[in-house]
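Structure at a glance
Here is what each chain is made of, one letter per residue.
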Amino acid sequence: MDKKGLNVIQVAAGLISLHYGLGFLFGTSEAVYHNGISGITYALMCSLGLILLANLVPFYHKNKLPIWSLFENRYDKRAKNYTVFLSWFWMIGVVASQVISSAYIFNLMGLPIVVSLLIVITIVSLISLMCLEKLSKILLYFLIINSSILLYSIFSLPKIEINQLITQFSSTQFSISNYISFFSIAIPTVLITLLGMDFHQFIVRGKNIFTSTKATISAGAILAFLTLVPTVLAIKVKFSNIVPANIDGKQLIPYTMIYLSEKFFGTNLKYLFLVILIATTVGSCSCLIRIMVQTFQKFEFIPKKIRKNREIILLLNGIIIFLLTIKNSTLISLIVSFYIIYIVGVLIPFITLLFKQKNNFFKPSSIFWSMIAGTTVSLLLLILSKLNLIIIQPPLNLEFIMLISGIMASLFTLISDKIVQLIFFKNNTYVKRNYC
């Protein structure tokens, strides 16, 4: 046993913190507020993903290396570099969701949304330049305080009648559209938990396989329980009429914070809980920005002069995030869309890695081009949809089309390239025999 490794509680806490952030809280409350009980899909799939992650613990413990290093060892350096790029890319979606969450808090205080976005991006970029190792612990305490306030708010808000609760459960109609919506959120959320290197780092640092396995299952169970916080809060707020009827779902938790502060401390201190929430959102987002910069610095196709300049990297990332957030969408839709682009790139190579043979069945070049094909198709669909150049009609939705099209493009490229290689090899063999 490695005494220097993390224990069950430490590994479980790390895994929970990766999912249980403001995107989780704001996104779930927004989805439940607008869509009823079906809005908990994303949150529950986060917990299910952690439980299923237990199946990959032996594999990750045995190999230790991050997925891009495993790809380099099995395939080639191109596969590694592209996976590093995808890891940075999907993180943009997560950071953007955090920025939007923070911006809507400032917007609730009277600032225009565009100005709020610029303020948040500037603040988090500046804070990310600081040493955040100690600050990350403080942020965890802030998140616990926020969660405690939200948990207490569930009991403080007016009670809801049983028939109202039944209405929420029965209002979700089971249709093809709802099933497609469920799978388009469920599959990417589970897969990102299995394939994301943020989760990998905690798994391999566990004392042993048993420790990490127990931690992943425990983390999934705890996260499932924590799902009740934004879910019950959204349902209670919806029926208590304490928020404006036209409120944006992203402002549900911030508005509740103001309501509770004013109720307990009076009008002069009505923003007290909101200040704690802002500190948590900005700090959490700064940590993510810091990780993005560190990942960006691994891009070998970027000149070293740029990679060494953190200010330039922050500026480039800030511009990308601003352009992404200015075109608003629901938080969960935004997060899942970027999950999908990463997943369709690494899923096929990872599966072939799990079922490795003595001799590679697929050439490294085939793997690389299948990664390119999958992500390109998914990204094009996302861009065209955001520009309103394609309109996806129910029962289909953007995330479902991105996922299916991306995986199909990746598989088609891989298989067709293999067929061409087999035909070429067969023809070459035939010519050589005739020549002899």
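Procedures and definitions
Residue numbers here run from 1 along each chain, matching the order of that chain's written sequence. Given that this is a predicted model, residues contribute local features only at a pLDDT of at least 70 and side-chain atom pairs are listed and counted only at 80 or more, while totals for whole chains, interfaces and linings are drawn from all residues. Computation of side-chain values: all heavy atoms of the structure, hydrogens and water removed. Only runs of H or I of at least four residues qualify as helices and only runs of E of at least two qualify as strands under DSSP, and these elements are numbered from the N terminus. Buried, partly exposed and exposed residues are distinguished by accessible area as a fraction of the type maximum, computed with a 1.4 Å probe on protein chains only: under 20%, between the cut-offs, and over 50%, respectively. Only the protein chains shown count as cover for residues, with accessible areas throughout obtained via the Shrake-Rupley method and a probe of 1.4 Å. What a helix should span is 1.5 Å times the count of its residues minus one. Between N-to-C directions, angles span 0 to 180 degrees; the directions come from axes that are lines fitted to C-alpha atoms, helices contributing only their stretch in contact. Geometric relationships in this document are graded by angle, where less than 35 degrees denotes roughly parallel, more than 145 denotes roughly antiparallel, 65 to 115 denotes roughly perpendicular, and other angles denote oblique. By definition, turning the near helix anticlockwise from the far helix through less than a right angle yields a left-handed crossing, and turning it clockwise yields a right-handed one. Throughout, a residue-residue contact means that at least one pair of heavy atoms, one from each residue, lies within 4.5 Å. All amino acids are sorted into three groups, where Ala, Val, Leu, Ile, Met, Phe, Trp, Tyr, Cys and Pro are nonpolar, Asp, Glu, Lys and Arg are charged, and the leftover types, Gly among them, are polar. Classification of ring pairs rests on two measures: the distance between centres of Phe, Tyr or Trp rings, Trp counted by its six-membered ring, which must be within 6.5 Å, and the angle between planes, read as stacked under 30 degrees, edge-to-face over 60 and tilted in between.

**Overview of the overall build of the protein**
The helix and strand tally for the protein stands at 20 helices and 0 strands. In the protein, which comprises 436 residues, the share counted as buried stands at 52%. Put simply, the protein shows about 21,000 Å² of open surface, and 68% of that area lies on carbon and sulfur atoms.

**Structural notes on helix α10 (residues 176–195)**
The end-to-end C-alpha separation of α10 is 28 Å, in line with the 28 Å expected for 20 residues at 1.5 Å each. Buried residues of α10: Ile180, Ser184, Ile185, Ala186, Pro188, Thr189, Val190, Leu191, Ile192, Thr193, Leu194 and Leu195, and no others.

**With respect to unusual backbone geometry**
Cis geometry marks the peptide bond from Pro394 to Pro395; its omega dihedral reads 10°. By the element assignment, Pro395 lies in the loop between α19 (364–386) and α20 (398–435). Although it is not a glycine, Lys64 adopts a positive phi angle of roughly 65°. Within the secondary structure, Lys64 sits in the loop between α4 (57–63) and α5 (67–74). A positive phi angle is found at Asn388, which is not glycine, with a value near 60°. The exposed category is assigned to Asn388, whose relative accessible area is 52%.

**Topic: the packing of helix α2 (residues 22–35) against helix α13 (residues 228–240)**
Running from N to C, α2 and α13 cross one another at 45°; their axes reach a closest spacing of 8 Å. Taken together, the axes of α2 and α13 lie oblique to each other. Here the hand of the crossing between α2 and α13 comes out right-handed. Residues Phe24, Leu25, Thr28, Ser29, Val32 and Tyr33 of α2 pack against Pro230, Thr231, Ala234, Ile235 and Lys238 of α13. Of the residues assigned to the contact of α2 with α13, the class counts are 7 nonpolar, 3 polar and 1 charged.

**Some words on the packing of aromatic side chains**
Within the structure shown, the criterion is met by 22 aromatic pairs. Between the aromatic rings of Phe85 and Phe299, the centroid separation amounts to 5.8 Å while the plane-to-plane angle is 50°, which identifies the pairing as tilted. Taken together, the residues span a long stretch of sequence, with Phe85 in helix α6 (residues 77–108) and Phe299 in the loop between α15 (272–296) and α16 (304–307) at a distance of 214 residues. In this structure Phe85 comes out as partly exposed when scored by relative accessible area, which is 23%. Ring centres of Trp88 and Phe296 lie 5.7 Å apart, and the angle between their planes is 65°; this geometry places the pair in the edge-to-face category.

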